[in-house]
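Structural overview for review
Read off the chains here:
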Amino acid sequence: MSLPISLEFFPTKTPEGATKLRAVREQLYALKPEFCSVTFGAGGSTQDGTLQAVTEIMAEGCPAAPHLSCIGQSRESIRERLAAYTAAGIRRLVALRGDLPSGYGVGGEFRYASDLVAFVRAETGSHFHIEVAAYPETHPQARSPLSDLDAFVAKVQAGADSGITQYFFNSDGYFRYLDDLRSRGVDVPVVPGIMPITSSTQLMRFSDACGAEIPRWIRMRLQAFGDDTASIKAFGLDVVTDLCERLCRGGAPGLHFYTMNQSAATLEIMRRLRASTE
């Protein structure tokens, strides 16, 4: 299976965590990812850690993309961040609105991710390949599915090169989302985000927070396993591998793995995918 893949990591908070993450990345580089992305905390916190991780990944020989949040930021603060990324040799960004830490009101000079994309293009021209977020199951704060589609279209019109979706487990929803975008004249690549299932409590917590739907049959099965970690992981591998196979057969332009700074599940999913196509 030669479909391009990319990997997402988050900055670590301790030297021990950084050492562990280096070992995880070394294992995952065997998959020859097209690039790795690195997230940030709410309100753009950990952005210095994001830059440090990105420069490490690039030094290890893999292209890397920092996530760039605009909410709560000024044009000058974003301008400074772009200058730092340019100086570091970074050529790819994941441009997001982002979330403010709890307790903060909405602030900053950017309201939407499309405003950030337009600003990056105005400041840096075509220097950066700009990825943006896509929501096949609709962003939890969107007024409607149609307004959410319009938001993605606006990001592309502002200069986004491609999209990465929130994770999902319903491939039909993803392909319908692509059809809806094509009907609006949008034909940039939209890469499905893949979340390996290794913990039922973690998955349910994340999904409730971000609006990703866990189909009832998956949720019920995970709950039935209780604390049986081995069964949860085995079931998760089957479910996510099957999802990836359907996405590949349907013509998805790539796969973006939310690794959660772990390697085992992503490596096994890719091993199964490649074995199934040999």
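Preceding this paragraph is the structure being described.
The following paragraphs examine the structure supplied in this document. Quick caveat, the model's predicted, so the values are computed rather than measured.

**Quick word on the sheet that holds strand E4 (residues 92-96)**
- Strand order in the closed barrel formed by eight strands is E1-E2-E3-E4-E5-E6-E7-E8, with parallel pairing between adjacent strands. Between one strand axis and the next, the sheet turns through 30° on average, direction left out of account.
- Inspection of the sheet shows strand E6 (residues 162-167) paired to strand E7 (residues 190-194) by three bridges, in the parallel sense. Bridge pairing in E7 links Tyr167 to Gly193.
- Lying over the sheet, helix H5 (residues 145-158) contacts strand E5 (129-134), E6 and E7, oriented at roughly 175° with respect to E5.
- Across the sheet, helix H9 (residues 229-249) is in contact with E7 and strand E8 (255-258); its angle to E7 comes to roughly 170°.

**A few points about the packing of helix H2 (residues 47-59) against helix H3 (residues 75-87)**
- With their axes 11 Å apart at the nearest point, H2 and H3 run at an angle of 15° to one another. One finds that H2 runs roughly parallel with respect to H3. The chirality of how H2 crosses H3 is right-handed. Residue-level contacts link Gln47, Asp48 and Leu51 of H2 to Arg81, Ala84 and Tyr85 of H3.
- Its residues assigned to classes, the contact of H2 with H3 shows three nonpolar, one polar and two charged.

**Remarks on unusual backbone geometry**
- Unlike most non-glycine residues, Lys32 shows phi in positive territory, near 55°.
- By secondary structure assignment, the location of Lys32 is in the loop between helix H1 (15-28) and strand E2 (35-38).
- Judged by its relative accessible area of 70%, Lys32 falls in the exposed class.
- Non-glycine residue Asn261 carries a positive phi angle of around 60°.
- Looking at where Asn261 falls in the secondary structure, it is placed in the loop between E8 and helix H10 (264-276).

**Some words on the nonpolar core**
- In this structure, Phe152, Phe169, Ile197, Leu247, Leu255 and Phe257 are the most contacted members of the largest nonpolar core, which totals 85 residues.
- For Ile197, the residues in contact, after removing those within four places along its chain, are Phe169, Leu203, Ile218, Leu222, Ile232, Lys233, Gly236, Val239 and Val240.

Reading the values: rules and limits
- Residues numbered from 1 in each chain as written.
- Predicted model: local features only at pLDDT ≥ 70, side-chain atom pairs only at ≥ 80, totals over all residues.
- Heavy atoms only, no water.
- Pairing = 2+ DSSP bridges.
- Helix = DSSP H or I, 4+ residues; strand = E, 2+ residues; numbered from the N terminus.
- Axes fitted to C-alpha atoms, helices over the stretch in contact; angles between N-to-C directions.
- Contact = heavy atoms within 4.5 Å.
- Parallel < 35°, antiparallel > 145°, perpendicular 65-115°, else oblique.
- Left-handed = near helix turned anticlockwise from the far one by under 90°.
- Nonpolar A, V, L, I, M, F, W, Y, C, P; charged D, E, K, R; others polar.
- Buried < 20%, exposed > 50% of the residue type's maximum accessible area, 1.4 Å probe, protein only.
- Core = buried A, V, L, I, M, F, W, Y, C linked by side-chain atoms within 4.5 Å.

In short, shape yes, function no, at least from these values alone.
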